[in-house]
Amino acid sequence: MGGDGRRPPRARRPAGVIRADTALQPADLRPAISGLWALSAGKVLDLERTWKEADGAPVFTVEGRYTARGWTDWTQGFQFGSALLQFDATGERRFLDLGRERTFSRMASHVTHMGVHDHGFNNVSTWGALRRLALERRYQPEARELALCELALKASGAVQARRWTRTADGSGFVYSFNGPHSLFADTMRSLRSLALAHQLGHALLDEGDRPVSLLQRAVQHACTTARYAVYHSRGRDHWDERGRVAHESVFDRVDGSYRCPATQQGWSPFTTWTRGQAWVLLGFAEQLEWLATVSDHELDPLGGRGEVEGFMAEAARAVAAHYLEHSPTDGVPYWDTGAPGLVRLPGHRDRPADPFNDEEPVDASAAAIAAQGLLRLGRWLQGRCELEEGRQLFQAGLTVTRTLLERPYLSEDPQHQGLLLHTVYHRPNGWDHVPAGHKVPCGESSQWGDYHLRELALLVQRLADGAPYYTFFGPAGAPAGSGAAQ
């Protein structure tokens, strides 16, 4: 399971340019986080009041108002999941009622959505959040409500795992909406759906009633991502820079052999689209945390715990190091590390990002996703006595969080429906709004950016309060099929 068959070299300590505040503590951010939730409440309710179900899922804002953009339906879970995060953080029951009702009335189709790689986004953010809140005894579910959430998660994980391409080396990956040839970096975080379904004791039944292990598919997808989407400075091409991430990896449909890197939303196959890099960082960090709930017996047929954790940790460390090194000093990256206009922003990595520049947009949504990955990976490493590297990553994550909780990134205007400003969706397609008087997109929000800022704030809030550690898979020790007796 170790990529090219060799055990990965020990990662060097990241030497990034993000100016991490080594004295910053989660509790120091508590006032700013409280302010975020106060702003967030009004924005969740405003969107609920104004959004028409017939328009589909909201995607990003134009002049401060959410709009839809048909490509694939991957943001509905963020909309309703945001209400559940608001309840989690504040205890305000109306947000639980809102998120709960919308999950049951509108998210069923996403459970069996055969055409996307986004189950970990849509379903874990809603059905999974309700399950977690119930297991944490944050609310009392009705009758068999918990069992229903777990059934939805089992089905979602199996549907996601069915989108499978077998590679020439006998492994494979969950293919993207582009088709069976296409591995997306984004899908590392959608592995949450396979992980939860496996944790609940579920398996995919394939042709001839053949059971397929969801754990095996999750591990194989992660291994394929680590081998092909993440670069490890081993000479695979002229631009093999450790920690760089290819948004898309293309495979031969006939024999499963690897063909080339590609991209849908980045500048080129040989540069790093920073939100894709952030998805990989957070996805690997979460999977490392989740593996602690998996027995050695289950991991032995997949190479053993040391092998599986080894390639995941090496990929995560490489990506984290690259992110630190190639981001501006405040940790908010430009949308792609090789974006052509950056040559006209000399020294752009040696100062805070400028979201109002006239050359290239920043992507604060990438920062919100990456900050959570840095915190989780840093905490995981410190738990394994990798204290120096772990602390550096954790402090960098806190520093990025602080940046996002302040102007110009936190949306303080009650008339703007977004929460996190200066996010980018699809720069090559020109989908992002360019305000009057500007030359590049700025000042707008996205559902994934808003959701992940809320999720990041909840994680830091729980750390500050000494509350149970926030994970997608729920409290430690939650039994498989825990809703069965409800």
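Residues numbered from 1 in each chain as written. Predicted model: local features only at pLDDT ≥ 70, side-chain atom pairs only at ≥ 80, totals over all residues. Heavy atoms only, no water.

Draft legend 1. Fine view of the overall build of the protein chain. Within the protein chain, the regular secondary structure consists of 15 helices and nine strands. Here the C-alpha radius of gyration of the protein chain, 21 Å, is about what a compact globule of 486 residues would show, namely 23 Å. Within the protein chain, the fraction of its 486 residues that count as buried is 62%. Put simply, of all contacts in the protein chain between residues at least 6 apart along the chain, 71% involve residues at least 24 apart. Positive and negative side-chain charges in the protein chain, numbering 53 and 57 respectively, have mean positions lying 2 Å apart. (Helix = DSSP H or I, 4+ residues; strand = E, 2+ residues; numbered from the N terminus. Rg over C-alpha atoms; globule rule 2.2 N^0.38 Å. Buried < 20%, exposed > 50% of the residue type's maximum accessible area, 1.4 Å probe, protein only. Contact = heavy atoms within 4.5 Å. Lys, Arg positive; Asp, Glu negative; His and termini not counted. Charge placed at Lys NZ, Arg CZ, Asp CG, Glu CD.)

Draft legend 2. Structural view of empty space enclosed by the protein. Summed over all chains, the structure comprises four cavities of 30 Å³ or more. Estimates place the volume of the largest cavity at around 130 Å³. Lining the largest cavity are 14 residues; nearest its centre among them are Lys-43, Val-44, Leu-47, Gln-79 and Ser-82. Breaking the lining of the largest cavity down by element, the ones donating at least two residues are helix H1 (30–50), helix H2 (76–90) and helix H15 (447–465). Partitioning the lining of the largest cavity into residue classes produces six nonpolar, four polar and four charged. (1 Å grid on protein atoms, 1.4 Å probe; cavity = no way out; pocket = protein on both sides within 12 Å on 5 of 7 lines; lining within 4 Å. Points joined across faces, edges and corners; volume = space filled by probe spheres on them. Nonpolar A, V, L, I, M, F, W, Y, C, P; charged D, E, K, R; others polar.)

Draft legend 3. Region of the structure containing the sheet that holds strand E5 (residues 182–184). Pairing is antiparallel across the open sheet formed by three strands, whose spatial order is E5-E8-E9. Each edge of the open sheet carries a strand with a single partner, namely E5 and strand E9 (258–262). Taking each pair of neighbouring strands and ignoring which way they run, the sheet shows an average axis angle of 25°. Inspection of the sheet shows strand E8 (residues 248–251) paired to E9 by four bridges, in the antiparallel sense. Among the inter-strand pairings, Phe-251 is bridged to a residue of E9, identified as Tyr-258. Sheet contacts for helix H9 (residues 214–229): E5, E8 and E9; angle to E8, the most-contacted strand, approximately 100°. (Pairing = 2+ DSSP bridges. Axes fitted to C-alpha atoms, helices over the stretch in contact; angles between N-to-C directions.)

Draft legend 4. Inspection of the packing of helix H3 (residues 93–106) against helix H6 (residues 127–135) at higher detail. In the contact formed by H3 and H6, the axes pass within 10 Å of each other and the chain directions differ by 130°. Judged by the angle between their axes, H3 and H6 are oblique. In this structure, H3 meets H6 at a crossing whose hand is left-handed. The residues of H6 that touch H3, namely those facing Leu-96, Arg-100, Thr-103 and Phe-104, are Trp-127, Leu-130 and Leu-133. Taken together, the residues of the contact of H3 with H6 sort by class into five nonpolar, one polar and one charged. (Parallel < 35°, antiparallel > 145°, perpendicular 65-115°, else oblique. Left-handed = near helix turned anticlockwise from the far one by under 90°.)

Draft legend 5. Fine view of the nonpolar core. Within the largest apolar cluster, 124 residues are counted, with the highest numbers of intra-cluster contacts made by Phe-284, Leu-377, Leu-404 and Leu-453. Broken down by element, the residue count for this core peaks at 12 residues, all from helix H13 (residues 364–382). In this structure, Leu-377 is in contact with Leu-281, Ala-285, Leu-288, Ala-316, Arg-317, Ala-320 and Leu-393, ignoring residues within four places of it in sequence. Core analysis: the next-biggest nonpolar cluster, separate from the first, contains five residues, Phe-173, Leu-183, Tyr-228 and Phe-251 among them. (Core = buried A, V, L, I, M, F, W, Y, C linked by side-chain atoms within 4.5 Å.)

Take it as geometry only, folks, not as evidence of what the structure does.
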